Structure formats: structure tokens, C-alpha cells
Amino acid sequence: MSDQREAIRSNAKYLRNVRPIDPEEICEYVEGSPHPAVVRQQLREDAAALGLLERDDGTFVPVGDDPVTPLHGPVERLPADYERRLEDLLADRYGPNWNEGPSGDLLRSTIRRFKADYLEGRPVEYDDDAAAGYAIYHLPGYYAAVQYALDDLAERGLLGRNLRVLDIGAGVGGPALGLCDYLPDDALLEYHAIEPSAAADVLEELLGATGRNVHATVHRTTAEAFDPAEAVGAGGDAGDEFDPTAPDDGFDLVLACNVLSELDEPAAVARSLLETLAPDGTFLAMAPADKNTSIELREVERRLEGERLWDRDELPVEADDEDDAPVHRRGEVTVYGPAVRLWPGAIPSDRGWSFDVRPDLEIPGFQRRLDEAASADDAHDPGEFVNVDVQFSYSLLRLDGRRRIDMALETSEWAKMAEMDRHVTNRIDLVAAKLSRSLTGDGSDANGGGGRGDSGSANPLFKISDGSEAVDHYAVVTNETALNRPLLEADYGDVCSFEGTLALWNDDEEAYNLVVDEETIVDRIA
């Protein structure tokens, strides 16, 4: 470290507790009187480690410690700045008429190919063309989905304004851009992306459209090969090396969005990521809403739940040599949400297919242009290259024992889903979380989003869970009343009490149906 750089840091550390840091002032106190532009650039490079925000007037101030507030409405569209960036990239690669002629045909065939590969469970290779097609087709939906998942943390005041983030398998940047836009202007984001493929080129281009207080680094390596110590300067004061096992280091948020299903050992990789969390940090895993990836996400969640990570002060008794033992921060992996654990000691073993659905986005211009340019002789269905659905599965894991919904039920008051066979054909009282929108797609869910299901029922149908079930449970509304409408109005993940619901077994679906009718009272539990 140069003496000049250290002098700039020392002055910044002193002044941040006194007044806004002005590069033109600091240059007077540094030997050699460097130009203010040099001082400003060095402050920008060290801003994340120093906890400094750059303001519009060019001065720097400490980032606040108030938590981020949740969304105040639905995500409506991918912002125009990102649209322009992506279209500029496409024009640079394929020419100004990228959506037409041979280049348009190439992109459309590429999208068709990776969609088919995904549906067949084949690995997707991300070369330049696949990365461009992926950005066109998937960027908007992933941009929106991550913001809805972050709401679960922000609603409980668990998302700070000074964030250190690790994004594994960052792809073309949908979750990254969504995170950047979710944070307010007075937030400081140190963002590390892990992306080994050609998608990293798209990611870096789009990150260039983010704000001045987003400090991004793209590591072009795999999740398995990444060493968190490479995130130098991420912890403590500027110049300190990042130690993910130190009590005060670690990432505040680790993202694994749409990547676990592509790994050979997803649970092992996820466990290693949990070891990089700060003591009060969160691991957010996301997956598409389709059956296979959604179920796999829940399997990883359940495999990790209850695992204990150790530090040197509290090693397992069987560790023979403390000097050689691994050093991990202490904490037990806890499912924060949206899945619930309402019965002490119980973990569900049903198939775990649970996903959220949010309102569709506006169609981005680049999707519309690619779709409309399909030639007349192409086997093309209008809208084939438009993807504005926001449907996703997600899991939030923590090491501090926090849960989004923290309650412990007793069988003296409520029926337990693990014992539902005892209650078939009886009216019962139970408490459960709503873990889907209406699966019949009838629009009855008051919070938007159609569904997808195979029940064949015309009645509103919702997956519900109390965290103890071995098979799927669904609440089916056969007669809507003012007393049971709270089920329709409840958001994804909300916990409701059901009084007088009729328990039935559905042979066709091999699941339990909890009938909600005129005799049922449903209340949302805060």
C-alpha cells in the first residue's frame, strides 16, 4: 500500500465522523498534494471497506444503519436503462438489425435449444450466443423475482443499507440488477459475482448501468473453485483481508439463484456458501417454478437444515487436534422462510413443490422485436420469445436461529398435518402457511398471479404446510364467504388459522384436501 493511499484513508477515517469528506480538502493534507480527482478515485475504490457513500456533489459520507424498507408495489418492468444496455450489446455483437435475418434466426434457435435442454434435464453450455439469448429471455423475470424474495427480509428489518453480497452463478445479472434496484439510493453495496461462463461479459456490461454506490467485482471461476479470501478488502477496515471465518467478517447476503440445479453436488456447495455468511447474514437460493428444480431446491434446504457450523471456541468433542480442526463460525442452519416449521422438532418430507407467482411484467422491447421478426415460414407461435412470467421458488437460510414465522403449536389446540390420517372425514382446526397462489389458475387469489396445477378442480386451490407433513396438503375453497376470504387475501408464506375445515383424502392426487366452505373460518395470523 502506498503512503499516499494510506494518508488518504487515514484522513477519510477521521473526517467521516466530523463532516462530509471532500476530496478537494483531503488533497491539502496529503504529502505531495495529489489532484482532487486522484483522491476521489481512491476514495471510490475504498468506499465499500470504509463504509462511505458518494453523493451527487462529489463528497463522501458514512452509510446509515437503518434497515431497507420493503417494496411498496409490484415490479412492473425491466428499467429502460437496462433495456438500452442489452440492446446496445446485441447491436455491437450482431449488428443494428440483430433481431432480423441470420442473427435473429440464430438467437431464436439458441433460445429454443436451451429451453429444450432445460426441459430434458440436459446441461446448458453458455457460449456468447447462449448468454445473449438467455439475457433476452430470462433477464426480466429474474430481475423481478429476487426483489419479491428480498421482501421477506426487509419486512422484518433484516436487510441493511451496508451490504456485502456474494452471488454464485450470477449469470447475465437478473438477480444482481434486481438487488441493486431494490436498495435505496443511500445504500452501499459491495457485490461479488461468481460466473465462469460467457454470461460474465453480459453481466459486466449491465452492471455498468448501476449506481455509483454499487461496487461490483466479477470473479470468472466456478462456485466449487472460488476462494472467499479472494474478496480482498471485504471485511473490516480498508486494506484488511477478508476472512470468512472471522466473527465480524462474512457476507451479509449470499445468492444462489437458478444455479443449484446445475451443480453436481448442490448441497455441498450450498453448505460451503453458508460458511461464508456473517453471523446475521442470509443465504437466498432461488429456482424456477417447474416441478423438478423446485423440488430439488426443497431437498437441498432440508438436507442442510439443522447442520451446525463450528468455530474454534466450540469444537465438537471428537475433534482430536484443535490446531488442525477447521475453523467455522458457530451457527445452526435454520430455515427462515418461506417454508415454515410450526411444530417443534418436525421437518416436512412431502415432495416440497412450492412456488410463488407474481403479476406479469411489461413486455421488454428486445423480446417483442425478436418475436415479431420471426419469418412467416418459421414454425413460430406468436409470443414464443416473450417471457414476462414471474414464477419462482426460493429458500432463505440463516445461522442465527431467526425465522420469518416463529411459533410452536400444540396438539391440544390444533391438528397436526403429520397425523392427518386420524382426522379424515372430520372437521378440524389447524394452522398452516399458504405456500402457493391459486393452483387452478382461476384468478381467485386476491394477490395476483394465476396458477398451474393438475387437480382439474374449478375451485380455488392452495398448497398449505405446517412443516410436519409427509404428503402434500391443499386447501380447496368450495364456498367463499366473508369468514374464509382471508385465505384468498393472504400473501404467499402467510400463516392462517383454519377453524372447522373438513379433512379429506384425494386418491387421484394422493394428497389431503382441507375443504374450506361456509362452515370454515380462516384468519391470517400476524
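Right, let's walk through the structure included here. In this text, all values refer to a predicted model and were calculated from it rather than measured experimentally.

The next subject is the pattern of salt bridges. A complete count under the given rule lists 40 salt bridges for this structure. A salt bridge links Arg-55 to Asp-57, with the shortest nitrogen-to-oxygen separation between them at 3.4 Å. Of the residues examined, Asp-57 reaches a relative accessible area of 52% and is grouped as exposed. Its salt-bridge partner being Asp-356, residue Arg-437 comes within 2.9 Å of it at the nearest N-O pair. Taken together, the positions of Arg-437 in the loop between strand S13 (427–434) and strand S14 (461–465) and Asp-356 in strand S11 (residues 356–358) put the pair 81 residues apart, joining distant regions of the chain. Judged on exposure class, the residue Arg-437 and its partner Asp-356 are both buried. Connected via shared salt-bridge partners are Asp-152, Glu-155, Arg-156, Arg-404, Asp-494 and Arg-524.

What follows deals with the pairing of strand S12 (residues 390–398). Taking burial as the measure, the 9 residues of S12 include 8 buried ones, the bulk of the element. Bridge analysis of strand S7 (residues 277–288) against S12 gives 7 bridges, and the strand direction is antiparallel. Directly across from Ala-287, in S12, lies its bridge partner Ser-393. As judged from the 3 bridges shared by strand S10 (residues 334–337) and S12, these two strands associate in the antiparallel manner.

Here we come to the packing of helix H1 (residues 3–15) against helix H3 (residues 36–50). Contact pair H1 / H3: the axes reach a minimum separation of 10 Å and the direction vectors enclose 65°. Between H1 and H3 lies a crossing whose hand is right-handed. Contacts from Gln-4, Arg-5, Ile-8, Arg-9, Ala-12 and Lys-13 of H1 reach H3 at Val-38, Val-39, Gln-42, Leu-43, Glu-45, Asp-46 and Leu-50. In the contact of H1 with H3, the residues fall into 6 nonpolar, 2 polar and 5 charged.

This brings us to the packing of helix H6 (residues 128–154) against helix H7 (residues 174–182). Here H6 crosses H7 at 50°, and the two axes come no closer than 7 Å. On the basis of the axis angle, H6 is oblique to H7. As H6 runs across H7, the sense of the crossing is right-handed. Every residue of H7 that contacts H6 at Leu-139, Tyr-142, Tyr-143, Val-146, Gln-147, Leu-150, Asp-151 and Ala-154 is listed here: Gly-174, Pro-175, Leu-177, Gly-178, Leu-179, Asp-181 and Tyr-182. Of the residues assigned to the contact of H6 with H7, the class counts are 10 nonpolar, 3 polar and 2 charged.

Compared with an ideal rise of 1.5 Å per residue, which puts 19 residues at 27 Å, helix H5 (residues 101–119) spans 27 Å between its outermost C-alpha atoms and is within 8% of the ideal. Residues of H5 that are buried include every one of Ser-103, Gly-104, Leu-107, Arg-108, Thr-110, Ile-111, Phe-114 and Asp-117, and no others. Residues of H5 that are buried in the fold lie against helix H4 (80–94), H6 and helix H11 (365–372). Following H5 by one or two positions, Gly-121 has its phi on the positive side, about 80°.

Moving on, we get to unusual backbone geometry. The step from Gly-337 to Pro-338 runs through a cis peptide bond, and the omega angle for that step is -5°. Residue Asn-258 is not a glycine yet carries a positive backbone phi of 60°. Within the element layout of this structure, Asn-258 appears in the loop between strand S6 (251–257) and helix H9 (266–274). Taking relative accessible area as the criterion, Asn-258 reaches 13% and is therefore assigned buried.

Before going further, it helps to spend a moment on the side chain of Asn-506. For Asn-506, the position within the fold is in strand S16 (residues 495–506). Residue Asn-506 is classed as buried on the basis of its relative accessible area, which comes to 17%. Apart from the residues within four sequence positions on either side, Asn-506 is in contact with Ala-511 and Asn-513.

Note that soluble globular proteins tend to have their nonpolar side chains buried in a common cluster. Counting 83 residues, the largest nonpolar core has Leu-189, Tyr-191, Leu-284 and Met-286 as its most contacted members. The contacts of Tyr-191, once residues within four sequence positions are left out, are Val-165, Asp-167, Ala-170, Ala-176, Leu-203, Leu-207, His-215, Ala-216 and Thr-217. Listed in part, the 30 residues of the second largest apolar core include Val-254, Ala-256, Leu-277 and Ala-285.

Let us now look at the packing of aromatic side chains. One pass over the full model with this rule turns up 9 aromatic pairs. Ring geometry for Phe-114 versus Tyr-134: centroids 5.8 Å apart, planes at 55°, classification tilted. In this pair, Phe-114 sits in helix H5 while Tyr-134 sits in helix H6, placing the two residues 20 residues apart along the sequence. Note on Phe-114: relative accessible area 6%, which makes it buried. Seen in terms of ring centroids, Tyr-148 and Phe-392 are 6.5 Å apart; in terms of plane orientation they differ by 10°. Their pairing is stacked.

Rules of the game
Residues numbered from 1 in each chain as written. Predicted model: local features only at pLDDT ≥ 70, side-chain atom pairs only at ≥ 80, totals over all residues. Heavy atoms only, no water. Salt bridge = Lys/Arg side-chain N within 4 Å of Asp/Glu carboxyl O. Buried < 20%, exposed > 50% of the residue type's maximum accessible area, 1.4 Å probe, protein only. Helix = DSSP H or I, 4+ residues; strand = E, 2+ residues; numbered from the N terminus. Pairing = 2+ DSSP bridges. Axes fitted to C-alpha atoms, helices over the stretch in contact; angles between N-to-C directions. Left-handed = near helix turned anticlockwise from the far one by under 90°. Contact = heavy atoms within 4.5 Å. Nonpolar A, V, L, I, M, F, W, Y, C, P; charged D, E, K, R; others polar. Parallel < 35°, antiparallel > 145°, perpendicular 65-115°, else oblique. Expected span 1.5 Å × (residues − 1). Core = buried A, V, L, I, M, F, W, Y, C linked by side-chain atoms within 4.5 Å. Phe/Tyr/Trp six-rings, centres within 6.5 Å; stacked < 30°, edge-to-face > 60°.

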